[in-house]
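Here's the letter readout for the chains.
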Number of protein chains: 4
Amino acid sequence: MPAKLVAQRYGKSAVRVTKVRRLADRHALVEMNVEITLHGDFERSYTHGDNSSVIATDSMKNTVYLLAKDHSLDSPESFALHLAHHFVDTYAQVQAADIQIDQSLWRRIEVEGIPHPTAFESGGAETRYAMASVNGDVARVAGGFNDLLLLKTTDSAFTGFVRDAFTTLPQVTDRILATKVRATWAFANSQADFNSAFSRIRTTILSTFANHKSDAVQQTLFDMGAAALTAEPTITRIDLQMPNKHRVPFNFKPFGLEFNNDIYVTTDEPSGEIVGHLVREER
Amino acid sequence: MPAKLVAQRYGKSAVRVTKVRRLADRHALVEMNVEITLHGDFERSYTHGDNSSVIATDSMKNTVYLLAKDHSLDSPESFALHLAHHFVDTYAQVQAADIQIDQSLWRRIEVEGIPHPTAFESGGAETRYAMASVNGDVARVAGGFNDLLLLKTTDSAFTGFVRDAFTTLPQVTDRILATKVRATWAFANSQADFNSAFSRIRTTILSTFANHKSDAVQQTLFDMGAAALTAEPTITRIDLQMPNKHRVPFNFKPFGLEFNNDIYVTTDEPSGEIVGHLVREER
Amino acid sequence: MPAKLVAQRYGKSAVRVTKVRRLADRHALVEMNVEITLHGDFERSYTHGDNSSVIATDSMKNTVYLLAKDHSLDSPESFALHLAHHFVDTYAQVQAADIQIDQSLWRRIEVEGIPHPTAFESGGAETRYAMASVNGDVARVAGGFNDLLLLKTTDSAFTGFVRDAFTTLPQVTDRILATKVRATWAFANSQADFNSAFSRIRTTILSTFANHKSDAVQQTLFDMGAAALTAEPTITRIDLQMPNKHRVPFNFKPFGLEFNNDIYVTTDEPSGEIVGHLVREER
Amino acid sequence: MPAKLVAQRYGKSAVRVTKVRRLADRHALVEMNVEITLHGDFERSYTHGDNSSVIATDSMKNTVYLLAKDHSLDSPESFALHLAHHFVDTYAQVQAADIQIDQSLWRRIEVEGIPHPTAFESGGAETRYAMASVNGDVARVAGGFNDLLLLKTTDSAFTGFVRDAFTTLPQVTDRILATKVRATWAFANSQADFNSAFSRIRTTILSTFANHKSDAVQQTLFDMGAAALTAEPTITRIDLQMPNKHRVPFNFKPFGLEFNNDIYVTTDEPSGEIVGHLVREER
């Protein structure tokens, strides 16, 4: 057949694991959603139906649960690295393994102000994210988060943009800025303290978002990324995606009333999509 | 045509409004998703295409934004009542109006421990819920919440259930209990303090869930509802839906290992569905 | 505790079953998503954690697969009835059982115009729906469908509605009408030919929608329901929900151009919600 | 600030347009969901809040509707190319534009076997996909589809895979194969007949899937891609993603019964993820 396979990969997605560590004075709860992608010598499965080098995706699933038993799951980055190394080290035919993890953010229920030792409520739609790639001897690891929904009611302007025959948007010096942030950061090496990096970067991004006087979502993104690089020396790069989830001024004119920066139509689509990748500046 | 209209209603759903109140020292943010349903004399629209009594659903949408401008939106219950009365009072052909509101739970970003006056992060997937029904002179109002995701790692058993030819589930004295609670409570009248009721009931439900020793999800539901009725005298009834979002013990036997209440498969479906309606017991 | 359980029910949702019947010349494929709700003597599970009358929801799940093995699954209505009777007949403590089924609509892949005996493609997001309720000796059964997405580009007007201070919608004599129909119909008894009823009603609803000159979505709904009652003598009632999925004329005025019933903004929310319940008219 | 922007892009997603062409004997309906991404000289918006080169994403949205008015929308590929060229040609600061389009697949309602001229039903969750990238003078265009859900009840085996300490999956010579295909193909140039290519490739993929005797999803993928390359000479490459949507044999052993390739548990997660990229083989 006149076709050639130029690239292939395969794996398992949505392997969801819950781990409880039953400590003396409290339980620790971790829930992760794992995606495994293997690269390697699997061509004959595609071209000849020869599965002799194929690790069944069902076995990948088993591997997640088996390795979770003996691993502390102290961070998604460390477990992602552990899984990636496992696949590359165990199977000669695996050239590289990519592991993505989305971790749900449970927090302890507070009963009369005291965090409960064994009861938890959801931390929301936001997930902590990790990605580890092991390719032969080279390991790369990234952290991040998805779906952090933020909104500021002032200190956001959008003026001075191109005005032409396609433009109807008025210039505004005070608008609502709402966004659902996706952030990923690359660690310089695999020995970083992933958890303190996560806390420090997330806190920095939140406070920068809150205090920033924004002339464009792009500028807010850049300042958030720059602040994260400054705050966390163990990362070399940060990528940010910040869709603009528009709150549109309600048009009061037909009713003889005025919009006073008070009432907005909440929308999900269409949305602006702003993306930037930042590294540390070399001096 | 040999058909008769025995019931009809119509309205508008997913009217999403954002309101910012710009106070001296901070901004207050409210986001609500409003659904309006009208009951009344609209039959001829169905049977004859005669729209002379029809309030366009687009006008209902406008009404939400216009009334939101002059209302404090201090609680979803109060705004739902306001909207319901508006439709019944304004239009002779409207016999009854039902208003449902889902309110997103934004919280202030904390910068160095201090809540920011104008910046917010999402409170998660959970929404606060209100329902007001005005039918002629009678008004009923309910509060509640949706999608409160809870999990406890111990103090949950399930034993003593029916064992027959359809049963494979083992009895367990210590399992994970995870659920996504939907709660609605009926207020005795429209003069209640809806916000303090919401806080008190939510706090009570959380602490009951945390401290309860559960012999069945049903029992946990009942105790949560009973505690809410005790805690909040302004409500007469509470309805709870608590799907059982199973965490299934991973089967370690094929691997020569043991399950030690440590590693679970996280699932969404199928799920148990447990429902109960509680009132105050008459003495 | 001063609380009383006034109503309760429980069950299992999202039990998904695939059945293949391997006939001589072809395979038959059925996929159903089953929800079971039991009503009965389960109070002590709520009030005392006494599960002696509780059929585990896991056993309900098993029951679906076990009963599916011996049942032809020739229609969702017949299987829903079978399941409902099973629970009421098997367990003395079950007063009533409600079974809801959503059936995916697979169709055979056509290869060179010939339906393939063993390969299928999805029939889309629409599902066929059935509901059976058995309460003691009384059985009721309903059929229907969900999420039938329809659109007509003409023969839809909306004029003559209430114009007041809340109205901005212009009257239009020719608009797009798009809707996602949910229909359920009640059968007079359990001996109806459910499959031919489904085909006949669905075909009737489609052709009525297509040919109807609409003065309101309400009128379209009524004519669709009336036509269904006329077409299918075995049903006694039909309920229709028809959200108005608006296609909004794009505003060309700022660009010095005209809207010529050509370009619309496609929206999902907010949406109108139109509901009607029709029965056969007694003469 | 010690940060450097190494890459950036921005745009608008979920711009949804409905177009009706009112022909003499029938109406043509097209609905597209457009995503625009611009690359170019926008750094100062990020680094200085200087928006002088920024085309507002709101203007991009307007552009879609304005250009849709004068374009036939005869194919998503042609409109994607048109939009991409527009942005690169109109704005000096735009180096490159990527346009992605998902087109809903409406089909005409058949009334007594005759396709209706102005009424449509949804073609389901599957969407037709197009991607055009214009970078300076170079234009690339791709077609495809998303979410084509397929299932075959036989002629699918999975044997001979790696068996080790992580393996529990039995070898099976006859299983259900279900998948949700995402396919994209690259055209050799922008003058191809995009619509006939879409029809031919989709038909070829369906018939290959139906008739293929599969020893692995990977092999099915390869044969589908190879057949597409053979069938359609205007494409140079095809990429396929085929998650394995498992139908798991129900375990009848605890009930003293046998699984006879009849009853399966329908699952969505976890799922295998199989990916392959094929080109024409050079001879």
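Treat the numbers as computed from the prediction; the structure is a model and nothing was measured. (Residues numbered from 1 in each chain as written. Chains lettered and ligands numbered in written order. Predicted model: local features only at pLDDT ≥ 70, side-chain atom pairs only at ≥ 80, totals over all residues. Heavy atoms only, no water.)

Peer 1: It is not clear to me how the overall build of chain A should be interpreted in this structure. Could you clarify?
Peer 2: Counting secondary structure elements, chain A contains five helices and twelve strands. For the C-alpha atoms alone, the extent of chain A along its principal axes is close to 75 × 65 × 45 Å. Taking all 283 residues of chain A together, the buried fraction comes to 61%. Put simply, 63% of the contacts in chain A that link residues at least 6 apart link residues at least 24 apart. (Helix = DSSP H or I, 4+ residues; strand = E, 2+ residues; numbered from the N terminus. Buried < 20%, exposed > 50% of the residue type's maximum accessible area, 1.4 Å probe, protein only. Contact = heavy atoms within 4.5 Å.)

Peer 1: Just checking my understanding: could you explain the relation of the copies chain D and chain A for this structure?
Peer 2: Here the second copy of the chain follows from the first by a rotation about an axis and a shift along it. Mapping chain D onto chain A leaves a residual RMSD of 0.0 Å; the transformation is a rotation of 180° accompanied by 0.0 Å of translation along its axis. What we have between these two chains is a two-fold relation. Same-surface contact between copies: 100% of interface residues of chain D are shared with the interface of chain A. (Least-squares fit on C-alpha atoms with pLDDT ≥ 70 in both.)

Peer 1: Hey, could you run me through the interface of chain C and chain B in this one?
Peer 2: Listed by partner, the interface residues are 74 residues for chain C and 74 residues for chain B. A combined buried area of about 6,200 Å² lies between chain C and chain B, and 57% of that area is made up of carbon and sulfur atoms. Considering only the surface of chain C that becomes buried against chain B, Tyr46, Phe166 and Phe222 of chain C emerge as the three largest contributors, covering 12% of it. Linking chain C with chain B are two salt bridges, by the criterion used here. Glu269 of chain B is the partner of Arg16 of chain C in a salt bridge, and the nearest nitrogen-oxygen pair spans 2.7 Å. Across the chain C-chain B interface, the total number found is 38 residue pairs in polar contact (both at pLDDT 80 or more). Among the secondary structure elements, those contributing two or more residues to the side of chain C that touches chain B are strand E1 (3-22), helix H1 (43-48), helix H2 (57-70), helix H5 (217-231) and strand E12 (271-280) of chain C. With 14 residues, the single largest contributor to the side of chain C that touches chain B is E1 of chain C. (Buried area = accessible area lost by both parts, 1.4 Å probe. Salt bridge = Lys/Arg side-chain N within 4 Å of Asp/Glu carboxyl O. Polar contact = N/O pair within 3.5 Å; in protein donor to acceptor, adjacent residues only side chain to side chain.)

Peer 1: In this structure, what is going on with helix H5 (residues 217-231) of chain A? I would like to understand it.
Peer 2: Each α-helix winds once per 3.6 residues, and so residues spaced three or four apart point in a common direction. Taking 1.5 Å per residue as the helical rise, H5 of chain A with its 15 residues ought to reach 21 Å, and the 21 Å between its terminal C-alpha atoms agrees with that figure. In terms of burial, H5 of chain A is largely enclosed, as 13 of its 15 residues are buried. (Expected span 1.5 Å × (residues − 1).)

Peer 1: Just checking my understanding: could you explain the packing of aromatic side chains for this structure?
Peer 2: The description of an aromatic ring pair rests on the distance of the ring centres and on the angle between the ring planes. Residue and element names in this part refer to chain B. Throughout the structure, instances matching the rule amount to 40 aromatic pairs over all chains. Both rings, one in Phe145 and one in Trp185, keep their centres 5.9 Å apart while their planes meet at 70°; by these two values the pair is edge-to-face. Taken as a pair, Phe145 in strand E7 (residues 138-152) and Trp185 in strand E8 (residues 177-187) lie far apart in primary sequence, 40 residues in all. The same class applies to Phe145 and to Trp185, which are both buried. (Phe/Tyr/Trp six-rings, centres within 6.5 Å; stacked < 30°, edge-to-face > 60°.)

Peer 1: How should the packing of helix H2 (residues 57-70) of chain D against helix H3 (residues 76-90) of chain D be read in this particular structure?
Peer 2: The packing of two helices is summarised by the inter-axis angle and the distance between the axes. Residue and element names in this part refer to chain D. For the pair H2 and H3, the least separation of the axes is 11 Å and the interaxial angle reads 125°. Between H2 and H3, the interaxial angle falls into the category oblique. Once H2 is placed against H3, the crossing between them reads as right-handed. Packed against H2, whose contacting residues are Met60, Thr63, Val64, Leu67 and Ala68, the element H3 presents Phe79, His82, Leu83, His86 and Phe87 at the interface. (Axes fitted to C-alpha atoms, helices over the stretch in contact; angles between N-to-C directions. Parallel < 35°, antiparallel > 145°, perpendicular 65-115°, else oblique. Left-handed = near helix turned anticlockwise from the far one by under 90°.)

Peer 1: In this structure, what is going on with the side chain of Thr118 of chain B? I would like to understand it.
Peer 2: Within the secondary structure, Thr118 of chain B is located in strand E5 (residues 114-121). Using a relative accessible area of 9% as the deciding quantity, one classes Thr118 of chain B as buried. In this view, Thr118 of chain B contacts Leu151, Lys152, Thr153 and Thr154 of chain A together with His27 and Arg108 of chain B; residues no more than four positions away in its chain are not counted.

Peer 1: Explain the relation of the copies chain C and chain B to me, please; I cannot follow it from the model alone.
Peer 2: Each copy of the sequence occupies a distinct position, and chain C is placed on chain B by a rotation of 180° and an axial shift of 0.0 Å, giving an RMSD of 0.0 Å. Most of the interface of chain C is mirrored in chain B: 100% of its interface residues are interface residues there too.

Peer 1: Would you take a moment to explain the interface of chain D and chain A for this structure?
Peer 2: Reports of interface size often rely on the accessible area that becomes lost once the parts have come together. Taken together, the contacts link 74 residues of chain D with 74 residues of chain A. Summed over both partners, the interface of chain D with chain A buries about 6,200 Å², with 57% contributed by carbon and sulfur atoms. Among the residues of chain D in contact with chain A, Tyr46, Phe166 and Phe222 of chain D are the three that bury the most area, contributing 12% of the side total. Remark: the boundary between chain D and chain A carries two salt bridges. The tally of links between chain D and chain A comes to 37 residue pairs in polar contact (both at pLDDT 80 or more). Those elements giving two or more residues to the side of chain D that touches chain A turn out to be strand E1 (3-22), helix H1 (43-48), H2, helix H5 (217-231) and strand E12 (271-280) of chain D. The leading source of residues in the side of chain D that touches chain A is E1 of chain D, at 14 residues. When the residues that make up the side of chain D that touches chain A are grouped by side-chain class, the tally is 32 nonpolar, 28 polar and 14 charged. (Nonpolar A, V, L, I, M, F, W, Y, C, P; charged D, E, K, R; others polar.)

Peer 1: So what exactly am I meant to see when it comes to the confidence of the model for chain A here?
Peer 2: Residues shown with low pLDDT carry predicted positions that ought not to be read at fine detail. Considering every residue of chain A, the mean pLDDT works out to 97; 99% of them sit at 70 or more. Overall fold confidence for the complex sits at a pTM of 0.97, while the interface term, ipTM, reaches 0.96. (pLDDT = per-residue confidence, 0-100.)

Peer 1: What is the right way to look at the pattern of salt bridges in this model?
Peer 2: A pair can form between side chains of opposite charge whenever their charged atoms are brought close. Inspection of every chain in the model, using the stated rule, returns 60 salt bridges over all chains. For Glu121 of chain B, the salt bridge identified is with Arg107 of chain B, shortest N-O distance 3.9 Å. In this pair, Glu121 of chain B sits in strand E5 while Arg107 of chain B sits in strand E4 (residues 107-111), placing the two residues 14 residues apart along the sequence. Arg107 of chain B gets classed as partly exposed once you look at its relative accessible area, which sits at 33%. Notably, a salt bridge pairs Lys213 of chain C with Asp155 of chain C, separated by 3.4 Å at the nearest N-O pair. Remark: Asp155 of chain C occurs in the loop between strand E7 (138-152) and strand E8 (177-187) and Lys213 of chain C occurs in the loop between helix H4 (194-211) and H5; sequence separation between them is 58 residues. Judged by relative accessible area, which is 57%, Lys213 of chain C ranks as exposed. By sharing partners, the salt bridges in this structure join Arg107 and Glu121 of chain A together with Glu126 and Arg202 of chain B into a single network.

Peer 1: I keep staring at the environment of Thr168 of chain D and nothing clicks. Help me out?
Peer 2: Here Thr168 of chain D lies in the loop between strand E7 (138-152) and strand E8 (177-187). Since its relative accessible area comes to 35%, Thr168 of chain D is described here as partly exposed. When sequence neighbours within four positions are dropped, the list of residues in contact with Thr168 of chain D reads Asp58 and Asn62 of chain A, Pro254 and Phe255 of chain B together with Arg163 of chain D. Among the polar contacts made by the side chain of Thr168 of chain D, one reaches the side chain of Asn62 of chain A at a distance of 2.9 Å.

Peer 1: Please explain the pairing of strand E3 (residues 94-104) of chain C as it appears in this structure.
Peer 2: When a strand is regular, its side chains alternate between the sheet's two faces. Relative to E3 of chain C, strand E2 (residues 27-40) of chain C runs antiparallel, the two sharing nine bridges. Note that in E3 of chain C the partner of Asn33 of chain C across the bridge is Asp102 of chain C. (Pairing = 2+ DSSP bridges.)

Peer 1: Before we go on, may I ask you to explain helix H4 (residues 194-211) of chain B in this structure?
Peer 2: With 18 residues, H4 of chain B extends 26 Å between its outermost C-alpha atoms, agreeing within 8% with the 26 Å of an ideal straight helix rising 1.5 Å per residue. Every buried residue of H4 of chain B is listed here: Phe194, Ala197, Phe198, Ile201, Arg202, Thr204, Ile205, Leu206, Ser207, Thr208, Phe209 and Ala210 of chain B.

Peer 1: Just checking my understanding: could you explain the packing of helix H4 (residues 194-211) of chain A against H5 of chain A for this structure?
Peer 2: Residue and element names in this part refer to chain A. Running from amino to carboxyl end, H4 crosses H5 at an angle of 145°, the nearest separation of the two axes being 9 Å. Handedness of the crossing formed by H4 with H5: right-handed. Along the contact surface, H4 presents Arg200, Ile201, Thr204, Ile205, Thr208 and Phe209, while H5 presents Thr220, Asp223, Met224, Ala227, Ala228 and Ala231. Counted by class, the contact of H4 with H5 contains seven nonpolar, three polar and two charged residues.

Peer 1: Would you mind going over the side chain of Ser59 of chain D with me for this structure?
Peer 2: Looking at the element boundaries, Ser59 of chain D is found in helix H2. When residues no more than four places from it in sequence are discounted, the contact partners of Ser59 of chain D are Phe166 and Thr167 of chain A.

Peer 1: What is the right way to look at unusual backbone geometry in this model?
Peer 2: Across residues other than glycine, the phi torsion is negative in most instances, and most of the peptide bonds are trans. Backbone torsion omega between Glu269 of chain A and Pro270 of chain A reads -5°, so that peptide bond is classified as cis. Here Pro270 of chain A is to be found in the loop between strand E11 (263-266) and strand E12 (271-280). At Asn261 of chain B, a position not held by glycine, the phi torsion is positive, near 50°. Among the structural elements, Asn261 of chain B can be located in the loop between strand E10 (247-249) and strand E11 (263-266).

Peer 1: Got a minute to help me understand the environment of Tyr65 of chain C in this structure?
Peer 2: Relative to the assigned elements, Tyr65 of chain C resides in helix H2. C-alpha of Tyr65 of chain C to C-alpha of Ser133 of chain C: the two residues are 68 residues apart in sequence and 20 Å apart in space. Filtering out sequence-adjacent residues up to four positions away, Tyr65 of chain C remains in contact with Val15, Arg16 and Val17 of chain C together with Phe250, Phe252, Ile263, Tyr264 and Val265 of chain D.

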